[in-house]
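# Structural description and commentary
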Amino acid sequence: MTAPDRAAMVRGPGPVGARLVVLLLLLTAGVWSAVTLDLDLRGLWPGRDGWQLAADFFGRALTPALSHEGVDIPPGAPPLLVSALHAAMRTVIFAAAAMLPSVVLGLLLGFGGSTAWWASARARGRRGSVSAGARLRSTAGPAISSVCRLVSALLRSVHELLWAVLFLAAFGITPLAALVAIALPYAGTLAKVFAEMIDEAPRPAAGALREAGATPAAVFCFGLLPGALPDMTAYTLYRFECALRSAAVLGFFGFPTLGYHIAASFENLYYGEVWTYLYVLVILVVAVDWWSGQVRRRLVT
Amino acid sequence: MSARSATIDRLYGARPRSRFLRVSAWLAAGLVVASWLGGGFLRDPIWTARRAANLQRFLAEVAPYPLQGRPFDWSEASVWAGDIWRDHLGQATAATLAISVVAILLAGLLASLFAVWAARNVSRPDPFLAGPRAEPRVRRWPWTAVVVLARVVLTLLRSIPEYVWAFLLLALFGPTAWPLVLALALHNAGILGKLSADMIENLEGPTLAALRGAGASRGQIVLGGVVPLSLNRFLLYLFYRWETCVREATVLGMLGMVSLGFWIQDARARNHYDEMVLAMACGALLVVIGDLVSALAREVVRRA
């Protein structure tokens with residue numbers, strides 16, 4: 001339980017109003033949505049074919065395939081488990097490679113978009129040591145910060161698969177295009193969250209450094225950043241987990257990641273193989289989740 | 001001076017160090033470098049004559065159809081966009097929004113059902129009381145099984161991406177809105193469920209133990225203690241996930257069902273890049289508006 005929660009308990013519950021209004025609005029939105037979509041609960045009852053498919057598909061959940069299910073396997077095709085490992089490797093390569101440009105661009109836009117960085121420049125400008133640089137920062141700061149926030153909002157308002165579709169149409173299919181497609185919206189998301197984390201980092205250290213006459217850059221690097229860095233690292237690892245899923249889904253567009261094999265096996269009705277690939281993806285995600293949990297535990301406490 | 005540097009040296013020597021973190025950092029760096037070296041991303045030439053021609057054709061066709069080959073004119077472009085909006089994009093945008101809303105509500109419902117059973121302080125013989133070792137093992141293991149089962153289900157739901165869920169469910173339910181709604185709901189239920197279960201485990205014990213001491217049953221503690229204490233945080237998570245639902249609802253339509261993605265795929269198949277980009281712009285606008293609404297709602301909840 002965090003401090004605000006405890007404060008809320010001491011205060012006692014606030015007026016019921018706001019929370020109730022939010023809940024009621026949510027319900028109203030839900031009713032409007034169901035009407036708009038013409039949702040019919042009978043649609044949740046699959047037809048006979050649907051039930052047969054469900055039984056066939058979920059029936060294999062506990063017995064994933066360990067070798068190819070097809071009858072005519074092309075000569076020279078690698079065994080299923082080798083092919084699954086290979087697809088997993090391609091998925092990890094896509095995700096890890098995409099994180100590099102995402103983090104670099106995300107850090108640039110995040111620093112630029114954080115108000116704390118510009119505030120530290122302004123405070124120094126007010127304190128009298130008005131170098132030309134400080135004055136420039138104090139006036140240009142808000143503008144640059146808005147531009148950075150706008151750019152990162154634009155980047156993340158388009159989904160990575162839509163970036164991929166756009167690049168496919170404009171350049172043709174290349175792994176680099178797919179990589180950039182993942183990197184752009186991820187940079188936008190990282191930038192937003194980094195900026196928030198920097199702005200919410202504890203300020204006393206920064207204030208002390210500023211009083212001691214440190215330059216704005218030093219205040220930022222040694223006063224603000226260390227407080228935000230653990231959270232930023234943990235969040236970056238979480239985005240890596242998301243990148244694994246995005247990379248897997250890119251397979252549906254022809255890249256040789258896990259999604260490619262999931263789609264191919266499902267269309268061939270080799271449900272056991274589908275489960276094999278699904279479980280490989282689950283293992284990847286769980287492994288990264290465990291890793292990020294361990295890192296977070298050691299960093300944050 | 002020397003005394004001060006000795007202090008600093010001592011502080012430096014006593015700084016927290018973790019071999020795990022150091023190995024992790026090297027591992028992460030190695031993974032990224034190896035991926036760039038081994039991934040072959042830079043093997044193909046980035047700029048070829050064919051790509052340049054492709055790009056030029058694309059840029060020519062992105063201009064609204066009535067204006068292609070002519071200077072851009074806002075009034076004509078807006079008439080063109082208005083016609084398409086009235087024809088199908090308006091309806092598709094509304095459907096995209098509706099899918100995201102139904103999906104997140106369903107996800108919230110599923111998540112709260114699972115979270116209670118996945119929380120170790122609720123799922124035990126004597127909820128919220130004493131240390132876990134205080135209870136005899138025979139009474140403990142059924143509850144441990146419940147926790148493990150709930151967490152395994154949540155992990156499976158969460159690890160499989162929405163797009164894959166939608167792909168699988170489409171075959172099951174046919175081309176209605178349900179596969180999209182359920183795909184988003186299942187994946188997000190996994191995420192929300194795990195977050196909520198962890199949140200419940202971190203609730204302050206004494207308050208809930210007091211309810212137990214006053215004779216409240218497990219269900220009564222959940223309804224009277226856990227829900228009021230965690231509702232605000234839960235709503236924050238819900239709105240955060242709703243933002244991603246809006247994004248994904250657009251994309252999932254590309255599998256061939258109602259939502260903006262259907263028209264993006266349709267325009268792409270016909271090489272009508274002007275309409276494709278217009279549909280993408282509708283989606284982007286919806287995402288921006290959704291983010292604003294969500295930020296507003298989260299602010300209201302935070303103050304409540």
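So, here is what we can say about the structure in this document.

Rules of the game
- Residues numbered from 1 in each chain as written.
- Chains lettered and ligands numbered in written order.
- Predicted model: local features only at pLDDT ≥ 70, side-chain atom pairs only at ≥ 80, totals over all residues.
- Helix = DSSP H or I, 4+ residues; strand = E, 2+ residues; numbered from the N terminus.
- Buried ≥ 20, exposed ≤ 12 C-beta atoms within 10 Å, placed from the backbone.
- Contact = placed C-beta atoms within 7 Å.
- Nonpolar A, V, L, I, M, F, W, Y, C, P; charged D, E, K, R; others polar.
- Axes fitted to C-alpha atoms, helices over the stretch in contact; angles between N-to-C directions.
- Parallel < 35°, antiparallel > 145°, perpendicular 65-115°, else oblique.
- Left-handed = near helix turned anticlockwise from the far one by under 90°.

### Regarding the overall build of chain B
Across its full length, chain B carries eleven helices and zero strands. Mapped from its N terminus to its C terminus, chain B presents α and β elements in the order α-α-α-α-α-α-α-α-α-α-α. Projected onto the principal axes, the alpha-carbon positions of chain B cover approximately 80 × 65 × 40 Å. Each of the 304 residues in chain B was classed as buried or not, and the buried ones make up 40%. The long-range fraction of contacts in chain B, counting pairs at least 24 apart against all pairs at least 6 apart in sequence, stands at 71%.

### Considering the overall build of chain A
From N to C terminus, chain A includes twelve helices and zero strands. Among the 301 residues that make up chain A, the fraction classed as buried is 41%. Sequence-distant contacts, at least 24 apart, represent 71% of the contacts inside chain A between residues at least 6 apart.

### Quick notes on unusual backbone geometry
Residues and elements named next belong to chain B. Phi is positive for S259, close to 140°, though the residue is something other than glycine. Secondary-structure assignment places S259 in the loop between α9 (218-252) and α10 (260-269). On the basis of neighbour counts, which here come to 28 C-beta atoms within 10 Å, the residue S259 falls in the buried class. Even without being glycine, N271 reaches a positive phi, approximately 60°.

### Considerations on the interface of chain A and chain B
In this complex, chain A contributes 57 residues to the contact, which on the side of chain B involves 62 residues. The class makeup of the residues in the side of chain A that touches chain B is 42 nonpolar, twelve polar and three charged.

### Overview of the packing of helix α4 (residues 80-113) of chain A against helix α12 (residues 271-300) of chain A
All names here are of chain A. Running from amino to carboxyl end, α4 crosses α12 at an angle of 40°, the nearest separation of the two axes being 10 Å. By the criterion of interaxial angle, the relationship of α4 to α12 is oblique. When you trace α4 past α12, the crossing you get is right-handed. Here α4 contributes L80, A84, A87, A88, T91 and V92 to the contact with α12, which in turn contributes E273, T276, Y277, V280 and L284. Taken together, the residues of the contact of α4 with α12 break down into eight nonpolar, two polar and one charged.

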